[in-house]
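Commentary on secondary and tertiary structure
One letter stands for each residue in the lines below.
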Amino acid sequence: MPTDTYKTACYAYGEYSFFDIRALEQHLQDYMFSSKATTPDGNLSYVDTYVFNFCKPTTKSCDASEEVWAYKSHNNTLDNNTITCMSMSGSDLMESYDYKVILDEEQNTRHLLYSYKGGDKCPSNQSRSLGLEVEILCDAKINATRQFKNLHLEDPCVPRFIYSSPVGCPVFTASAWIIFVADHPWILAIFLIIFGFISTF
């Protein structure tokens, strides 16, 4: 798939705000995060390594012939290594990601939640597909491009990574007046009627 096609994944719009996350794209390597755990009986330790990227597919893949947004490598003490896809691949790649602009009304801030979906069957629930979510909180004060905050595994089928980043802040947000008019278009209609009446006479 042409590289330019992926670039649309770098931009997001919602809640009257525009975001540009190109600064988060990893060109030479992917985002990798390892989570260590032990089975409930304590007999087996394992490491899950999550791999994902922004604005382009991962450098390596869970499918030798297809590109993906995210995948997971599972290694345990029995030297078993399995790799599972956490998004759709190939021609379905652009359909397997989505984003949502989250509005925090109390703080009057907006940030992004990216979702990669349509991966392999979830081991803990065969009726669901694996996916991965990355929440990018708005923090204009940190000097780094991003700062890891937390990994939530409450949903074993769709883990969620949380980062803070200046990139999580909108590049542009409509003014309160524009938002008010957009939510109440009849005000603009009245203004145009009055303006038309004055112009006519």
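Right above here is the structure, for reference.
For clarity, every value in this text was computed on a predicted model and none was experimentally measured. (Residues numbered from 1 in each chain as written. Predicted model: local features only at pLDDT ≥ 70, side-chain atom pairs only at ≥ 80, totals over all residues. Heavy atoms only, no water.)

Quick word on the overall build of the protein chain
- Tallying secondary structure elements over the protein chain gives three helices and 14 strands in all.
- By sequence separation, contacts in the protein chain at least 24 residues apart represent 53% of the contacts at least 6 residues apart.
- When the accessible area of the protein chain is evaluated, it comes to approximately 12,000 Å², of which 55% is carbon and sulfur surface. (Helix = DSSP H or I, 4+ residues; strand = E, 2+ residues; numbered from the N terminus. Contact = heavy atoms within 4.5 Å. Areas by Shrake-Rupley, 256 points an atom, 1.4 Å probe, with all protein chains shown as cover.)

Considerations on the pattern of salt bridges
- Evaluation of the coordinates by the stated rule reveals four salt bridges.
- A salt bridge links aspartate 155 to arginine 128; the nearest nitrogen and oxygen atoms lie 2.8 Å apart. Of this pair, aspartate 155 sits in the loop between strand S12 (147–152) and strand S13 (160–165) while arginine 128 sits in strand S10 (residues 125–129), and the two are 27 residues apart along the sequence.
- Given a relative accessible area of 27%, aspartate 155 falls into the partly exposed group.
- Of the residues examined, arginine 128 reaches a relative accessible area of 32% and is grouped as partly exposed.
- Within this structure, Glu133, Glu135 and Arg160 form a network of salt bridges that share partners. (Salt bridge = Lys/Arg side-chain N within 4 Å of Asp/Glu carboxyl O. Buried < 20%, exposed > 50% of the residue type's maximum accessible area, 1.4 Å probe, protein only.)

Here's the deal with unusual backbone geometry
- For cysteine 55, which is not a glycine, the phi torsion comes out positive at approximately 70°.
- Within the secondary structure layout, cysteine 55 lies in the loop between strand S4 (45–52) and strand S5 (70–76).

Description of a nonpolar patch on the surface
- Side chains of Tyr11, Tyr13, Phe18, Val171 and Phe172 sit close together on the surface and give an oily, nonpolar patch of about 510 Å² of accessible area.
- Relative to the assigned elements, valine 171 resides in the loop between S13 and strand S14 (172–173).
- Since its relative accessible area comes to 57%, valine 171 is described here as exposed. (Patch = residues over 30% accessible without salt bridge, like charges linked within 9 Å, V, L, I, M, F, W, Y side chains within 5 Å.)

Observations concerning the nonpolar core
- Membership of the largest hydrophobic core comes to 32 residues, with the highest contact counts inside it found for Ile21, Phe52, Phe54, Tyr114, Tyr116, Leu132 and Val134.
- Of all the elements in the fold, those that place two or more residues in this core are S4, strand S7 (97–104), strand S8 (109–116), strand S11 (132–138) and S13.
- Residues within four places of valine 134 in sequence aside, it is in contact with Phe52, Phe54, Leu112, Leu113, Tyr114, Tyr116, Phe161 and Tyr163. (Core = buried A, V, L, I, M, F, W, Y, C linked by side-chain atoms within 4.5 Å.)

Comments concerning the state of the cysteines
- Considering all chains together, one arrives at four disulfides under this definition.
- Through a disulfide, cysteine 62 is tied to cysteine 85; the S-S separation comes to 2.0 Å. Residues cysteine 62 and cysteine 85 are joined by a disulfide whose S-S torsion is about 110°; by sign, that bridge is right-handed. Of this pair, cysteine 62 sits in the loop between S4 and S5 while cysteine 85 sits in strand S6 (residues 81–85); the two residues are 23 residues apart in sequence, bridging distant segments of the chain. The pair formed by cysteine 62 and cysteine 85 is uniform in burial state, with each residue classed as buried.
- At a sulfur-sulfur separation of 2.1 Å, the disulfide partner of cysteine 122 is cysteine 157. (Disulfide = S-S within 2.5 Å.)

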